[in-house]
Amino acid sequence: MTCLARGADQIFARVVLEYGGAVEVVLPAADYRDRKVKPDNAQDFDELIGKADDVHIMPFAESNRDAYMAASEHVLSTINALVAVWDGGPSGGYGGTADVVDAARKRGLPVTVIWPDGAERD
């Protein structure tokens, strides 16, 4: 289950599909594809959406920080464990990785954080 954000979310989804797994996508709002997916990522995004077993769109008209966190809370309500690609730093805004990891831990979900030695954010 993924929100299919560019980067780790899409890499994760692609690997799951390559190994024969199923992908469920949760989008934060109805406008997410048009408003947030950049033209150079649109083809990859559309391909992954097309291969998803299920796509759930949160009941927000506009993609914003509240919608991002609501989508993540929806994901957390349906999973048994969280794998987060995260540098351990603060979120860049409400609903970022630090907030999601914190919410998962508060729920008592097992959290595995992946951040390779020497990795840096773009």
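Just so we're clear, the structure is a prediction, and the values are computed from it rather than from any experiment. (Residues numbered from 1 in each chain as written. Predicted model: local features only at pLDDT ≥ 70, side-chain atom pairs only at ≥ 80, totals over all residues. Heavy atoms only, no water.)

Geometry of a packed helix pair, given as the angle between the helix axes and the separation of the axes. Orientation of helix H4 (residues 65-78) relative to helix H5 (residues 97-106), taken along the N-to-C sense of each, is 35°, at an axis distance of 10 Å. As for the relative orientation of H4 and H5, their crossing is right-handed in sense. Only Asp99, Val100, Ala103 and Ala104 of H5 make contact with H4, whose side of the interface consists of Met69, Ser72, Glu73 and Leu76. Among the residues forming the contact of H4 with H5, the class breakdown is 5 nonpolar, 1 polar and 2 charged. (Axes fitted to C-alpha atoms, helices over the stretch in contact; angles between N-to-C directions. Helix = DSSP H or I, 4+ residues; strand = E, 2+ residues; numbered from the N terminus. Left-handed = near helix turned anticlockwise from the far one by under 90°. Contact = heavy atoms within 4.5 Å. Nonpolar A, V, L, I, M, F, W, Y, C, P; charged D, E, K, R; others polar.)

A cluster of nonpolar side chains, contributed by Ile11, Val15 and Tyr19, occupies part of the molecular surface with about 380 Å² of accessible area. With respect to the helices, strands and loops of the structure, Ile11 is situated in helix H1 (residues 8-18). We classify Ile11 as exposed; its relative accessible area is 56%. (Patch = residues over 30% accessible without salt bridge, like charges linked within 9 Å, V, L, I, M, F, W, Y side chains within 5 Å. Areas by Shrake-Rupley, 256 points an atom, 1.4 Å probe, with all protein chains shown as cover. Salt bridge = Lys/Arg side-chain N within 4 Å of Asp/Glu carboxyl O. Buried < 20%, exposed > 50% of the residue type's maximum accessible area, 1.4 Å probe, protein only.)

All right, on to the pattern of salt bridges then. Applying the stated criterion to the full structure yields 9 salt bridges. A salt bridge links Arg6 to Asp40; its shortest N-O distance comes to 2.9 Å. Taken together, the residues span a long stretch of sequence, with Arg6 in the segment before H1 and Asp40 in the loop between helix H2 (32-36) and helix H3 (42-51) at a distance of 34 residues. Take Asp40: its relative accessible area is 59%, and that puts it in the exposed class. With a shortest N-O distance of 2.7 Å, Arg33 and Asp46 are connected by a salt bridge. Of this pair, Arg33 sits in helix H2 while Asp46 is found in helix H3, placing the two residues 13 residues apart along the sequence.

With that settled, consider H1. Among the residues of H1, those classed as buried are Gln10, Ala13 and Val16. Along the axis of H1, the buried residues cluster in a sector spanning 125°; they form a single face. Exposed positions of H1 whose direction lies more than 90 degrees from the buried face are Ile11 and Glu18. The inward-facing, buried residues of H1 abut H3. Backbone geometry just downstream of H1 places Gly20 in the positive-phi region, at approximately 85°. (Arc of directions from axis to C-beta.)

So, on to the nonpolar core. Core analysis: the largest hydrophobic core is formed by 18 residues, its most contacted members being Val26, Leu76, Ile79 and Leu82. Put simply, the parts of the chain that give this core at least two residues each are H4, strand S3 (82-85) and H5. Each residue touching Ile79, except ones within four places of it in the same chain, is listed here: Met1 and Leu109. Among the nonpolar cores identified, the runner-up in size contains 13 residues, and Ala13, Val16, Tyr32 and Tyr68 belong to it. (Core = buried A, V, L, I, M, F, W, Y, C linked by side-chain atoms within 4.5 Å.)

An ideal rise of 1.5 Å per residue puts 20 Å on 14 residues; H4 measures up with 20 Å between its terminal C-alpha atoms. For H4, the full list of buried residues reads Ala67, Tyr68, Met69, Ala70, Ala71, Ser72, Val75 and Leu76. Sitting at the head of H4, Asn64 places a side-chain oxygen 3.1 Å from the backbone nitrogen of Asp66. (Expected span 1.5 Å × (residues − 1). Polar contact = N/O pair within 3.5 Å; in protein donor to acceptor, adjacent residues only side chain to side chain.)

With that settled, the discussion passes to the packing of aromatic side chains. Tallied over the full model, the rule gives 1 aromatic pair. A ring pair is formed by Tyr32 and Phe45, whose centres lie 6.0 Å apart and whose planes are at 45°; its orientation type is tilted. In this pair, Tyr32 sits in helix H2 while Phe45 sits in helix H3, placing the two residues 13 residues apart along the sequence. Accessibility assignment for this pair places Tyr32 and Phe45 in one class, buried. (Phe/Tyr/Trp six-rings, centres within 6.5 Å; stacked < 30°, edge-to-face > 60°.)

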